[in-house]
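Reading the structure
These are the residues of each chain, in order.
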Amino acid sequence: MCGIAGFIDLRGQRRLDPEMLDRMVDALYLRGPDDRGTSIEPPVAMGIRRLSIIDVEGGHQPMISEDGQVRVVMNGELYSFPELREELIGKGYAFRTHADSEVLVHGYREWGMEGLLSRLNGMFAFALQDVARQRIFLGRDRLGIKPLLYTERDGVLLFGSALSSLLRTGMVPPEPDPTGIRLYLHNQYIPWPHTAIAGVRKLPPASYLEIQDGKINGPIRYWHLPEEDR
């Protein structure tokens, strides 16, 4: 299952608190009891609790490029990764693991975010940091199988696979969202972008956020269900 969490300093003025990151990640223990990992590279702190399935020994995350410039945490499984891996190897990229998450690192460099997302077949939610260009992406699969929640508080963008990781920061009060509660009572689930907590949003399916220069762009839709030919 796995779970990811982290935060982004939108103002570039804060010390990134490793203890807060640890609290966020450890709140996701039940989603990923096999492994944990964190990365702090200003302005981003990200981490993961991993349920190890593909490349159990070598698939530790965050997955970081050899030069340290691309960093990824991913929850999910990429069904198309064997084909994409072979294509990227043919283009000269050297893989250090057999983990599907490494495809995100090299695929982003080769195709950019839109090109990468257009090639992904699977269920996933990820955070990717491009250190050199100071760009951060939060992405979700086409059908929204894997969850990704986010909220902005006092110049910090918090994200995670579950509400528990956001609440553990101490920056998100457990204040109910009346709209989210009403939607749950009506539908027996809470449709995106709403959640049960005020100010916390679900990233819509087939969408991503791009964060650069302290600005949050999106959600940006990268895929639509094809219409029938008429």
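The structure reproduced in this document is the subject of the present report. Just so you know, these numbers come straight off a predicted model, no measurement behind them.

Before going further, it helps to examine the overall build of the protein chain. What the protein chain contains, in helices and strands, is five helices and 12 strands. Taken over the C-alpha trace, the protein chain has a radius of gyration of 17 Å; the compact-globule value for 230 residues is 17 Å, and the two agree within 12%. Oriented by its inertia axes, the alpha-carbon framework of the protein chain measures out at about 55 × 50 × 35 Å. Each of the 230 residues in the protein chain was classed as buried or not, and the buried ones make up 51%. Sequence-distant contacts, at least 24 apart, represent 55% of the contacts inside the protein chain between residues at least 6 apart. Of the roughly 10,900 Å² of accessible surface on the protein chain, a fraction of 50% belongs to carbon and sulfur atoms. Each charge class in the protein chain can be summarised by its mean position, and for the 27 positive and 31 negative side chains these summaries are 5 Å apart.

Moving on: the packing of aromatic side chains. Under the counting rule described, the total for this entry stands at three aromatic pairs. Following the ring pairs from residue to residue traces out a cluster consisting of Tyr108, Phe137 and Tyr208.

Now for the environment of Phe137. Structurally, Phe137 is set in strand 7 (residues 135-140). Sequence separation of Phe137 and Glu87 is 50 residues, and the distance between their C-alpha atoms is 23 Å. If sequence neighbours within four positions are ignored, Phe137 has contacts with Tyr108, Met113, Phe126, Ala127, Leu128, Tyr208, Leu209 and Glu210.

Moving on, we come to the pairing of strand 11 (residues 207-212). Most of strand 11 sits out of view: five of its six residues are buried. The sheet contact formed by strand 7 and strand 11 spans five bridges and is antiparallel. Bridge pairing in strand 11 links Gly139 to Tyr208. Note that strand 11 and strand 12 (residues 215-221) share five bridges and pair antiparallel. Across the sheet, residue Tyr208 finds its bridge partner in strand 12, namely Ile220. In this structure, the hairpin formed by strand 11 and strand 12 is closed by a connection of two residues, where Asp213 is found at a positive phi of approximately 55 degrees.

Looking now at the side chain of Ser65. Relative to the assigned elements, Ser65 resides in the loop between strand 4 (63-64) and strand 5 (70-78). Here the side chain of Ser65 touches Asp67 through a polar contact of 2.6 Å, side chain to side chain. Among residues more than four places away in sequence, those in contact with Ser65 are Val70, Arg96, Val105 and Arg109.

On to the sheet that holds strand 12, then. Here we have six strands laid out as an open sheet, ordered 4-5-6-7-11-12, and antiparallel in their pairing. Either end of the sheet is taken by a strand with one partner, and the two such strands are strand 4 and strand 12. In the sheet, strand 5 pairs with strand 6 (residues 122-130) via nine bridges, with the strands oriented antiparallel. Within strand 6, the position partnered with Val70 by the bridge is Asp130. Lying over the sheet, helix 3 (residues 102-119) contacts strand 4, strand 5, strand 6, strand 7, strand 11 and strand 12, oriented at roughly 95 degrees with respect to strand 6.

With respect to topology, six strands assemble into an open sheet ordered 2-3-1-9-8-10, the strand pairing being antiparallel. The outermost strands of the open sheet, each flanked by one partner alone, are strand 2 (35-41) and strand 10 (201-202). Packed onto the sheet, helix 1 (residues 18-26) meets strand 1 (3-9), strand 2, strand 3 (44-50) and strand 9 (156-160) and runs at close to 145 degrees relative to strand 2.

Moving on: the nonpolar core. Generally speaking, soluble globular proteins have nonpolar side chains that are buried together. With 27 residues, the main nonpolar core has Leu104, Met113, Leu117, Leu120, Phe124, Phe126 and Leu128 as its most contacted residues. Residue assignment for this core shows that the elements contributing at least two residues are strand 5, helix 2 (81-90), helix 3 and strand 6. When residues of this core are assigned to their parent elements, the largest contribution, eight residues, is made by helix 3. Judged by nonpolar contacts, the second largest core, of 19 residues, contains Met46, Leu148, Leu203 and Ile211.

What follows covers the pairing of strand 8 (residues 149-153). With four of five residues buried, strand 8 is to be regarded as a mostly interior element. With antiparallel pairing between neighbouring strands as the criterion, strand 8 and strand 9 make up a hairpin whose turn holds two residues, including Asp154 at a positive phi of roughly 50 degrees. Where strand 8 meets strand 10, two bridges bridge the pair, whose relative direction is antiparallel. Across the sheet, residue Tyr150 finds its bridge partner in strand 10, namely Arg201.

How each quantity is defined
- Residues numbered from 1 in each chain as written.
- Predicted model: local features only at pLDDT ≥ 70, side-chain atom pairs only at ≥ 80, totals over all residues.
- Heavy atoms only, no water.
- Helix = DSSP H or I, 4+ residues; strand = E, 2+ residues; numbered from the N terminus.
- Rg over C-alpha atoms; globule rule 2.2 N^0.38 Å.
- Buried < 20%, exposed > 50% of the residue type's maximum accessible area, 1.4 Å probe, protein only.
- Contact = heavy atoms within 4.5 Å.
- Areas by Shrake-Rupley, 256 points an atom, 1.4 Å probe, with all protein chains shown as cover.
- Lys, Arg positive; Asp, Glu negative; His and termini not counted.
- Charge placed at Lys NZ, Arg CZ, Asp CG, Glu CD.
- Phe/Tyr/Trp six-rings, centres within 6.5 Å; stacked < 30°, edge-to-face > 60°.
- Pairing = 2+ DSSP bridges.
- Polar contact = N/O pair within 3.5 Å; in protein donor to acceptor, adjacent residues only side chain to side chain.
- Axes fitted to C-alpha atoms, helices over the stretch in contact; angles between N-to-C directions.
- Core = buried A, V, L, I, M, F, W, Y, C linked by side-chain atoms within 4.5 Å.

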